[in-house]
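Summary of the model geometry
Below are the chains, spelled out letter by letter.
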Amino acid sequence: SKQELKQFNEQRFDDADILRKERGISTSSRNDADSVRESRRDIFIGDKVTKALDDVDDNHEISLSGIKHFVFPLLQKEMMRRKKELKHTVLVYSRDKMERKKDPLGVKLAERAQELSQWARDVATERGVKYCEMKRGGGRGGGLLKCSKMKDNMKARRGFAVEKSQRDFFVSD
């Protein structure tokens, strides 16, 4: 029923509050990436996402699964920003007769939508990798996060091409 769904959602928000407090995360951390230079913003967000996906789900009463975006506000903000950008692109195409006339089959729109949704597919892939590692007994809290801290292994940086000078900025010894 509608009341049960409302209670379920409220419980998810309450659980996320508890998990945020356990980790010392404030909701204002959603704005952490705003102060980072544009050239380094994607790397900063990618590193935060990797840390969120690699977080140890050690609370036996509350599962982090399915509510990570509520626990890590930066992840939620980035998801919403990218979703709005994709939605805006589709709406502009659908409302502009000239755009539809230039691309009647929507091929360019499909290519642009694929570009804009690549980040979400990357995050989903990374989540799948984490799940498989956990299921294979690879342990929790060490896989992808451990790789992201290694200076020479930039594959864990969510596919961003990074120069060595930028890499040293984000990776501490």
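Because the structure is predicted, anything quoted here is derived from the model rather than measured.

The next subject is the overall build of the protein. Scanning the protein from terminus to terminus reveals 8 helices and 0 strands. Start at the N end of the protein and walk to the C end: the helices and strands fall as α-α-α-α-α-α-α-α. Among the 173 residues that make up the protein, the fraction classed as buried is 32%. In the protein, once contacts between residues fewer than 6 apart in sequence are set aside, the share between residues at least 24 apart is 65%. On the protein, roughly 11,800 Å² of surface is accessible, and the fraction owed to carbon and sulfur atoms is 53%.

Right, let's get into empty space enclosed by the protein. Within this structure, the stated rule accounts for 1 cavity of 30 Å³ or more. Of the pockets and cavities examined, the largest cavity occupies roughly 40 Å³. For the lining of the largest cavity, the elements supplying multiple residues, two or more each, are helix H2 (38–53) and helix H4 (73–95). When residues in the lining of the largest cavity are grouped by element, the largest group, 4 residues, is from H4. Taken together, the residues of the lining of the largest cavity break down into 3 nonpolar, no polar and 6 charged.

All right, on to the environment of Pro-73 then. Residue position: Pro-73 is located in helix H4. Apart from the residues within four sequence positions on either side, Pro-73 is in contact with Arg-20, Ile-25, Ser-26, Thr-27, Ser-29 and Arg-30.

What follows deals with H4. Its 23 residues give H4 an end-to-end C-alpha distance of 32 Å, which sits within 8% of 33 Å, the value for a rise of 1.5 Å per residue. All of the buried residues in H4 are Pro-73, Leu-74, Leu-75, Glu-78, Arg-82, Thr-89 and Tyr-93.

A few words on the pattern of salt bridges. This model, assessed by the stated rule, comprises 8 salt bridges. Here the salt bridges share partners, and the residues they tie into one network are Arg-41, Glu-78, Arg-81, Arg-82, Glu-85, Arg-112 and Glu-115.

Further remarks concern the side chain of Arg-20. Residue position: Arg-20 is located in helix H1 (residues 2–23). The residues contacting Arg-20, other than those within four sequence positions of it, are Ile-25, Thr-27, Phe-70, Val-71 and Pro-73.

Here we come to the side chain of Asp-103. Tracing the sequence through the fold places Asp-103 in the loop between helix H5 (97–102) and helix H6 (107–135). Excluding anything up to four places from it in sequence, Asp-103 contacts Tyr-93, Lys-108 and Leu-109.

A word on the nonpolar core. Of all hydrophobic cores here, the largest spans 19 residues; its most connected members are Leu-19, Phe-44, Val-49, Ile-67, Val-71 and Phe-72. Taken together, the elements giving at least two residues each to this core come down to H1, H2, helix H3 (68–71), H4 and H6. With 5 residues, the top contributor of residues to this core is H2.

Time to look at the environment of Asp-58. When you line up the elements, Asp-58 lands in the loop between H2 and H3. Among the residues examined, Asp-58 registers a relative accessible area of 48% and is labelled partly exposed. Sequence spacing of Asp-58 and Leu-19 is 39 residues, and the spatial spacing of their C-alpha atoms is 10.0 Å.

Calculation rules
Residues numbered from 1 in each chain as written. Predicted model: local features only at pLDDT ≥ 70, side-chain atom pairs only at ≥ 80, totals over all residues. Heavy atoms only, no water. Helix = DSSP H or I, 4+ residues; strand = E, 2+ residues; numbered from the N terminus. Buried < 20%, exposed > 50% of the residue type's maximum accessible area, 1.4 Å probe, protein only. Contact = heavy atoms within 4.5 Å. Areas by Shrake-Rupley, 256 points an atom, 1.4 Å probe, with all protein chains shown as cover. 1 Å grid on protein atoms, 1.4 Å probe; cavity = no way out; pocket = protein on both sides within 12 Å on 5 of 7 lines; lining within 4 Å. Points joined across faces, edges and corners; volume = space filled by probe spheres on them. Nonpolar A, V, L, I, M, F, W, Y, C, P; charged D, E, K, R; others polar. Expected span 1.5 Å × (residues − 1). Salt bridge = Lys/Arg side-chain N within 4 Å of Asp/Glu carboxyl O. Core = buried A, V, L, I, M, F, W, Y, C linked by side-chain atoms within 4.5 Å.

Interpretation in functional terms is not warranted from these geometric data alone.
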